[in-house]
Amino acid sequence: MYIDSILQCFSFDKLKPLSTPFDTQVHLTLEQAPVTAEEFTIMHNVPYCKAISMLNWATLATHPDITFAVLTVAHFASNPGMLYWDAVKHVFHYLTSTYCT
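Residues numbered from 1 in each chain as written. Predicted model: local features only at pLDDT ≥ 70, side-chain atom pairs only at ≥ 80, totals over all residues. Heavy atoms only, no water.

Q: Got a sec to walk through the packing of aromatic side chains? Specific residues and values, please.
A: If you walk through the whole model with that rule in mind, you get 7 aromatic pairs. Ring centres 6.2 Å apart and planes at 45° place the aromatic pair Phe12 and Trp85 in the tilted group. Pair noted here: Phe12 is in the loop between helix 1 (2–9) and helix 2 (37–44) and Trp85 is in helix 5 (residues 82–96), with a separation of 73 residues, a long-range link. On the basis of relative accessibility, which here comes to 7%, the residue Trp85 falls in the buried class. Ring centres of Phe76 and Tyr84 lie 4.3 Å apart, and the angle between their planes is 10°; this geometry places the pair in the stacked category. Here Phe76 matches Tyr84 in class, with each residue buried. Aromatic rings pair up to connect Phe10, Phe12, Tyr48, Trp85 and Phe92 into one cluster. Between the NZ or CZ atom of Lys50 and the centre of the ring of Phe10, over which it lies, the distance is 6.0 Å. (Phe/Tyr/Trp six-rings, centres within 6.5 Å; stacked < 30°, edge-to-face > 60°. Helix = DSSP H or I, 4+ residues; strand = E, 2+ residues; numbered from the N terminus. Buried < 20%, exposed > 50% of the residue type's maximum accessible area, 1.4 Å probe, protein only. Lys NZ or Arg CZ within 6 Å of the ring centre and 35° of its normal.)

Right under this line is the structure:
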């Protein structure tokens, strides 16, 4: 199953399930992008674009319910920060609640 494989790809197969794909209390803006060298270094090792790509395929293939969340986090793919990565992980948390192993 595709969802199971992407969860395992990022070692997210043991995440706590969430009932929504996006936290409506979080407001992502461009001002939250990394600006310091330390922030860029931290995000350099985060597979943000790979995760967005895999989630985008999931929206097309099996989960149209995550489309808004994926489009929102994809908007920040050129300069992702930790808050954006947390939003991506929130989508993965949601996906753990939607599949059966």
